[in-house]
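# Examination of the molecular architecture
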Amino acid sequence: MRSPPPLDLCLTATAYAWPWTDLIAQLKFHQQAGWARPLGQLMMSAPWVEDTLTQADRVLPIPLSAERLAERGYNQSLLLARQLSASKTAPGLLLRTRHTPAQRTLPRAERLANLTGAFAIDPLRISEIRGQRLVLVDDVMTSGASLHTAAQVLRQAGAAHISAVVLARTEADEA
């Protein structure tokens, strides 16, 4: 392939449907961080997740902008990443460089444009990326724009293998 996708593998625990939509909303928008543990266990039970995490050098949560982090009080992806592998989770390695409008209402092309330049690697830690097997963690994958854009940045920094583990994936007709 001339332009291989930046993600080597993407694993998901469940479809973004009831009751998971309600539980994810509780975690993400209603300051109920306690949902991270059972939802993380659900993610861990998905096929190949445990093996993928075992092979990983680092687990990277999709970062939030400073504005969104202040609004929510925590990064739900970081909470999930810590449930998956606390010892390998590396917050602050992948950075959100700017605030972007919420992705959930935008079509895929606009999502990708919205995220251009939104991720970077901490320049003092770039050596932690080169040649490494990385796992990105996010709560919901709709079009894949956030994961795709973050993985491109990691790939450009020399990551050897990039997987994603996501709690829920929307159906193709919803993306």
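Up top you'll find the structure we're talking about.
Residues numbered from 1 in each chain as written. Predicted model: local features only at pLDDT ≥ 70, side-chain atom pairs only at ≥ 80, totals over all residues. Heavy atoms only, no water.

## Description of the nonpolar core
Applied cut-off: For the purposes of this section, nonpolar cores are sets of buried Ala, Val, Leu, Ile, Met, Phe, Trp, Tyr and Cys residues that join through side-chain atoms within 4.5 Å. Only protein chains enter the calculation, and the probe is 1.4 Å; a residue is then buried if its accessible area is under 20% of its type maximum, exposed if over 50%, and partly exposed in between. Going along the chain from the N terminus, every DSSP run of H or I of four or more residues is numbered as a helix, and every run of E of two or more is numbered as a strand.
Counting 25 residues, the largest nonpolar core has F119, I129, L136, L147 and L154 as the members making the most contacts within it. At the level of elements, β4 (119-121), β5 (133-141), α7 (145-156) and β6 (161-169) are the ones that each hand at least two residues to this core. At 6 residues, the largest contribution of residues to this core is made by α7. Judged by nonpolar contacts, the second largest core, of 22 residues, contains A36, A46, A56 and L84.

## Notes on unusual backbone geometry
Only a minority of non-glycine residues have a phi that is not negative, and only a minority of peptide bonds are not trans. Residues W18 and P19 are joined by a peptide bond in cis, for which omega reads 5°. Note on placement: P19 falls in the loop between β1 (9-15) and α1 (20-29). The residue Q31 is not glycine, and still its phi comes out positive at about 50°. Within the element layout of this structure, Q31 appears in the loop between α1 and α2 (36-44). In this structure, W48 is a non-glycine residue whose phi angle is positive, near 70°. Mapped onto the secondary structure, W48 falls in the loop between α2 and α3 (49-55). Looking at W48, the relative accessible area reads 61%, which means it is exposed.

## Thoughts on the pattern of salt bridges
Definition in use: What makes a salt bridge here is a side-chain nitrogen of Lys or Arg within 4 Å of a carboxyl oxygen of Asp or Glu, nothing more.
Tallying each qualifying case throughout the model produces 4 salt bridges. The residue E128 makes a salt bridge to R58 at a minimum N-O spacing of 3.3 Å. With E128 in the loop between β4 and β5 and R58 in strand β2 (residues 58-61), this residue pair connects regions lying 70 residues apart in the sequence. On the accessibility criterion, R58 (22% relative accessible area) is partly exposed. Here R125 ties to E128 by a salt bridge, and the two come within 2.9 Å at their closest N and O atoms. Residues joined in a network through salt bridges with shared partners are R58, R125 and E128.

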